[in-house]
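Below are the chains, spelled out letter by letter.
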Amino acid sequence: MLKVRSLKPTIIVQFAIIIAPITLVLVYQALSDVRHADSVKFELQSVALARQARDNYKAFLNGVADAVDTGTLGNRARQALEQTRESLLALQSWDRSFRSEPYVSLVDTLRNAARGNPSVKELLPLRPVANRVNVQLTALADSYDLREHANIENFALSVKRQVWIVLAATVITLVSAVGFVVLLIKGLTEPLNRAVTLAEGIAAGDFGDEKSIDTSRDIGGLLASLAAMRSGLRTAFRDLASNEFRLANAQRIAGIGDWEHDLVSGALTRSEEVYRIFSREPGDLPVTGAIPLEIVHPEDKQLVEEFVNAAQDRGEDFNVDFRIALPDGSTRYIHAQGEVLQNALGKVVKLAGTIQDISARKLAEKQIEYLALHDGLTGLPNPRFFRDRVNNALAEAARMGTKLATLFLDLDRFKNVNDSLGHGIGDLLLKEVAERVTHCLRKADAVSREPEVPQNVLARLGGDEFTVLLTTLRHAEDAARVAQRILDALASPFRIEGHEIFTSASIGIAVFPDDGGDVETLLKNADTAMYTAKEEGRKNYKFFTEAMNKATSAKLALESDLHTALRQNEFILYYQPQMEVASRKIIGVEALIRWRHPRRGLVPPLEFIPLAEERGLIIPIGEWVLRSACAQASAWHGAGLDKITVAINMASPSFKQLDLMTVVADALEKSGLEPGYLELEVTESIMMHDMEAVLTMLKKLKGIGIHLSIDDFGTGYSSLSYLQRFPLDALKIDRSFVSNIEKPEGSAIALAIMALAKSLNLKVIAEGVETEHQVRILREHGCEFMQGFLFSRPVPAEEMTRLLQQQKAGASIS
């Protein structure tokens, strides 16, 4: 029996050739999807943590800016700093390539400084560190943004490569299938030809041995192979369609479309995403080029044409951003990339590339640019924007020989609005002030983006401070007229959420070129003039003069000397006796600070206390007074002298400090003074500010045995209601009332205060007593405790010790 050669080995080999590319493509696709999914997840989490660190730090900087008003750093700012550190550590944990040590080290420096509730002045030396952290965190977030963008682009390119691989595998499969069909036909026709030959032999009379042909198994195997091949091809085409769908979906998500232009045949292909980005149907776009110039924005058409021509003529790849005009008249931003394919002769034969919709990114960039140059509350230019404008205006004024002026505007007593009505009302007031001042300028487009056009600019410097640039002035007096218009505009009350608020401003003016040739000098001099306006009664304007500069220099020198005085212990205490008039005995003293300046001699308090309060130095000075006075009183008691009370006046900032109880308790403990011999004097203004908080603090002080008195009673917000609520021991009648007590028309207030104190069971101490006549009148109305020049001027501790020794010996104090 003759058996036909089996086709199974051939079918198996051919089938393996067909299936192998499809299998490899599927495995490659699965691995690629997993890899890209992990990569995208990693990048998204990294970007989120980097942005989170940057945004938390921005919140910390905003808290520092708020501290300009409050004087101290808030809890929210410290929390933001802690969150910044946590975000950096989380980023290091997520991204092993990121090292947080340099960032965390700088943040820890700020944390350590912020932990003790520092004042704004104490934070100033850390400004370079704070700025460097801000720059580094911004750069860190930007670098992760760039990595995210690169990852998206790599993903798109990878998907494109996958499509090419699938197409190549399909071609291989089709070629293999054709070869398989040829072999199959050959395998089938061979036994048929042999059968024909056998039949012809029989017809010719060939009766040799009969030869049979067995093809049953081979034909069955062939059918099975054909079925398997059909199944494999069906799977391959289904996977190809799925890959094409994934590619189209990825392009849609990324806003990226691809195109290819054959310059030899003129064939042009674009993906569906390209048409979606262009907002046009395939029949609506010309096929003259991959980027049809007909839809490019007129201002960008030449740019795009140059890039495309450079690619076609010189074989240069291109990468360009431009705008296109959509059918509805709107504009869309496009990013186009193109690659050049050349033949063996170096001639460009094909262009291929991508189209990406970057409108959202451009919008974000513009928003970021706007936020970087404008104040978030009022929308006005910020200091950076303002300085750029002033520099441009200075160059123009110098070229044209014209004048310009900078105005420094500060709202008067704005802090009272925040303290009494809250920061929300204060913010609304700032916005309305900005609107009124804007209307006072002669140009409305104060935030135009054309830097070469001279114009007036209003900017918010921070807090309640504004700056104004006035350009092309004919006379310096023109700036005064604008300043007066601003003052007049602010004179009308502001009505905000049911509140009628009155505010005014102090304005300083510096003129170019007379008062400075650069922006920093002009702003500094305008600021100096503004402070002069405040010192002369507020609600007015002042031009800068050199005399102001000298006064400011003297003030700065005095401030520097104050810092030195604290370090070198140049302060001393004087003590003025408080007398029990009936016995002419010293029952207490008031501690009064003096400054023994190494060059100026003894400086009275009125010269340096206001500056110390303004510059935040009154708190450490107050602590020194408290500790020194307690120590001196304890020393007198320990020496066996009469146990007298020492009274200390608490300035407003000292009283508001969060650790006042701790400071007082520590001073008593270290000095050994019994609490009952310490008297703290508070003013009416302190008691009326945040009444509930002050009441709580006074009750705590009273609870440990400290005596409390109200100083200069009658000069502020005198009210029977708060006298009844506060745990006071004594009232001190201000010297202005005592000096007039000898006049019938001037004694009413002093006598009323004494009657009020008696009804409330409060001790009365009269200050500034200078004559025996005053003593007689005061005693007739029940005042038994006095202090003043009649008894003794404030004296150093040594002289006070001598007076106490005389009293101990039985001698009277005249």
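Structure's up top.
About the thresholds
Residues numbered from 1 in each chain as written. Predicted model: local features only at pLDDT ≥ 70, side-chain atom pairs only at ≥ 80, totals over all residues. Heavy atoms only, no water. Helix = DSSP H or I, 4+ residues; strand = E, 2+ residues; numbered from the N terminus. Buried < 20%, exposed > 50% of the residue type's maximum accessible area, 1.4 Å probe, protein only. Contact = heavy atoms within 4.5 Å. Areas by Shrake-Rupley, 256 points an atom, 1.4 Å probe, with all protein chains shown as cover. Phe/Tyr/Trp six-rings, centres within 6.5 Å; stacked < 30°, edge-to-face > 60°. Expected span 1.5 Å × (residues − 1). Pairing = 2+ DSSP bridges. Axes fitted to C-alpha atoms, helices over the stretch in contact; angles between N-to-C directions. Salt bridge = Lys/Arg side-chain N within 4 Å of Asp/Glu carboxyl O. Core = buried A, V, L, I, M, F, W, Y, C linked by side-chain atoms within 4.5 Å. Parallel < 35°, antiparallel > 145°, perpendicular 65-115°, else oblique. Nonpolar A, V, L, I, M, F, W, Y, C, P; charged D, E, K, R; others polar. Arc of directions from axis to C-beta. Left-handed = near helix turned anticlockwise from the far one by under 90°.

(A) Layout of the overall build of the chain. A tally of helices and strands in the chain yields 26 helices and 22 strands. Here the chain, with 814 residues, has 44% of them falling under the buried criterion. Expressed as a percentage of contacts within the chain between residues at least 6 apart in sequence, the contacts between residues at least 24 apart total 66%. Element-wise, carbon and sulfur atoms account for 55% of the exposed surface of the chain, whose accessible area totals about 41,300 Å².

(B) Local environment of the packing of aromatic side chains. Scanning all chains against the criterion turns up 7 aromatic pairs. An angle of 70 degrees between the planes, with centres 5.1 Å apart, marks the rings of Tyr 575 and Trp 636 as edge-to-face. With Tyr 575 in strand β13 (residues 571-580) and Trp 636 in helix α17 (residues 618-638), this residue pair connects regions lying 61 residues apart in the sequence. Judged by its relative accessible area of 2%, Trp 636 falls in the buried class.

(C) Layout of helix α13 (residues 477-491). For α13, spanning 15 residues, the distance from its first C-alpha to its last is 21 Å, which sits close to the expected 21 Å at 1.5 Å a residue. Turning to α13, its buried residues are Asp 478, Ala 479, Ala 480, Val 482, Ala 483, Ile 486, Leu 487 and Leu 490. Against β6 (403-411), α12 (423-440), β8 (465-473), β9 (494-496), β11 (505-512) and β12 (541-543) lie the buried residues of α13.

(D) Up close: the pairing of strand β19 (residues 730-733). By the alternation rule, side chains of β19 split into Ala 730 and Lys 732 and Leu 731 and Ile 733, which are all buried. Examined bridge by bridge, β19 and strand β20 (residues 763-766) share 4 bridges and lie parallel to one another. When the bridges of β20 are listed, Ala 730 appears paired with Lys 763.

(E) Examining the sheet that holds β11 more closely. Spatially, β7-β8-β6-β11-β12 is the arrangement adopted by the 5 strands of the open sheet, whose pairing is mixed. Only two strands of the sheet have a single partner each, and these edge strands are β7 (457-462) and β12. Ignoring which end each strand starts from, the neighbouring axes of this sheet average 20 degrees apart. In terms of strand pairing, β7 meets β8 through 5 bridges, oriented antiparallel. Note that in β8 the partner of Gly 462 across the bridge is Glu 465. Sitting on the sheet, helix α10 (residues 383-400) is in contact with β6, β7, β8 and β11, with an inclination near 20 degrees to β8. The strands touched by α13 are β6, β8, β11 and β12; relative to β11, the strand with the most contacts, the crossing angle is about 165 degrees.

(F) Region of interest: the pattern of salt bridges. Overall, the coordinates contain 29 salt bridges when judged by the stated rule. With a closest N to O distance of 3.0 Å, Arg 323 and Glu 299 form a salt bridge. Of the two residues, Arg 323 sits in strand β3 (residues 318-325) while Glu 299 sits in the loop between α7 (272-278) and α8 (301-314), which places them 24 residues apart along the sequence. Given the relative accessible area of 18%, Arg 323 is considered buried. By relative accessible area, Glu 299 is classed as exposed at 61%. In this structure, Lys 362 and Asp 321 form a salt bridge, with 3.9 Å as the shortest nitrogen-oxygen distance. A residue pair is termed long-range when its members are at least 10 positions apart, and Lys 362 in helix α9 (residues 359-373) and Asp 321 in strand β3 qualify at 41 residues.

(G) Quick look at the environment of Ala 639. Inspection of the secondary structure puts Ala 639 in the loop between α17 and β16 (645-649). Measuring from C-alpha to C-alpha, the distance between Ala 639 and Thr 801 comes to 9.8 Å, with 162 residues separating the pair along the chain.

(H) Representation of the nonpolar core. Counting 77 residues, the largest nonpolar core has Leu 678 and Leu 680 as the members making the most contacts within it. Per element, the largest residue contribution to this core is 8 residues, and it comes from α17. Those residues in contact with Leu 678, other than ones at most four positions away along the chain, are Leu 626, Cys 630, Thr 645, Val 646, Ile 648, Val 664, Leu 668, Leu 673, Ile 706 and His 707. One finds Leu 411, Val 433, Val 468 and Leu 473 within the second-largest nonpolar core, a separate group that totals 34 residues.

(I) Structural detail: the pairing of strand β17 (residues 678-683). Of all 6 residues in β17, 6 are buried; the element is thus mostly enclosed. Residues of β17 alternate between two faces, with Leu 678, Leu 680 and Val 682 on one and Glu 679, Glu 681 and Thr 683 on the opposite face, all of them buried. As paired strands, β16 and β17 are joined by 4 bridges and run parallel to one another. By the bridge assignment for β17, Ala 647 is matched with Glu 679.

(J) Layout of the side chain of Asn 540. Examined against the element boundaries, Asn 540 turns out to sit in the loop between α14 (519-535) and β12. Beyond its immediate sequence surroundings of up to four residues, Asn 540 is in contact with Leu 487, Ala 505, Ser 506, Ile 507 and Ala 533.

(K) A look at the packing of helix α11 (residues 414-421) against α12. Their axes nearest at 7 Å, the elements α11 and α12 cross at an angle of 140 degrees. One finds that α11 runs oblique with respect to α12. In this structure, α11 uses Phe 414, Val 417, Asn 418 and Leu 421 to contact α12, whose residues at the interface are His 423, Ile 425, Gly 426, Leu 429 and Leu 430. Its residues assigned to classes, the contact of α11 with α12 comprises 6 nonpolar, 3 polar and no charged.

(L) Helix α26 (residues 797-808), seen in detail. Over its 12 residues, α26 extends 16 Å from the first C-alpha to the last, a length consistent with the 16 Å expected when each residue adds 1.5 Å. Buried within α26 we find Ala 797, Met 800, Thr 801, Leu 803, Leu 804 and Gln 807. With its buried residues spanning 160 degrees around the axis, α26 presents them on a single face. Of the surrounding secondary structure, the elements contacted by the buried residues of α26 are β13, β14 (585-597), α17 and β22 (795-796). Positive backbone phi, approximately 100 degrees, marks Gly 810, located one or two places after α26.

(M) Structural context of the sheet that holds strand β2 (residues 268-270). An order of β2-β1-β5-β4-β3 is seen for the 5 strands of this open sheet, with the pairing classed as antiparallel. A single partner strand is all that each edge strand has here, and the edge strands are β2 and β3. Here the average twist between neighbouring strands, direction ignored, is 20 degrees. On the sheet, α8 packs against β3, β4 (331-342) and β5 (348-357) and is oriented at approximately 140 degrees with respect to β3. Its contacts with the sheet place α9 against β3, β4 and β5, and it is angled at close to 125 degrees to β4.

(N) Seen up close, the packing of helix α19 (residues 660-671) against helix α21 (residues 691-703). Where α19 meets α21, the closest approach of the two axes is 11 Å, and the angle between their N-to-C directions is 20 degrees. Judged by the inter-axis angle, α19 sits roughly parallel to α21. Judged by the twist between their axes, the crossing of α19 over α21 is right-handed. Across the interface between the two elements, Leu 660, Met 661 and Val 664 of α19 pack against Met 697, Lys 700 and Leu 701 of α21.

(O) Fine view of unusual backbone geometry. Each neighbour pair has its own omega, and for Phe 512 with Pro 513 the value is 10 degrees, a cis peptide bond. One can find Pro 513 in the loop between β11 and α14. Here Asn 569, not a glycine, exhibits a phi torsion of approximately 60 degrees, which is positive. By the element assignment, Asn 569 lies in the loop between α15 (546-568) and β13. Despite not being glycine, Arg 584 shows a phi value in the positive range, around 50 degrees. Assignment of secondary structure puts Arg 584 in the loop between β13 and β14.

(P) Quick look at the environment of Gly 315. Within the secondary structure, Gly 315 is located in the loop between α8 and β3. Here Gly 315 falls in the partly exposed class, since its relative accessible area comes to 23%. Separated by 34 residues in the primary sequence, Gly 315 and Val 349 have C-alpha atoms spaced 9.6 Å apart. Discounting chain neighbours no more than four positions away, the residues touching Gly 315 are Ala 310, Val 340, Gln 342 and Val 348.

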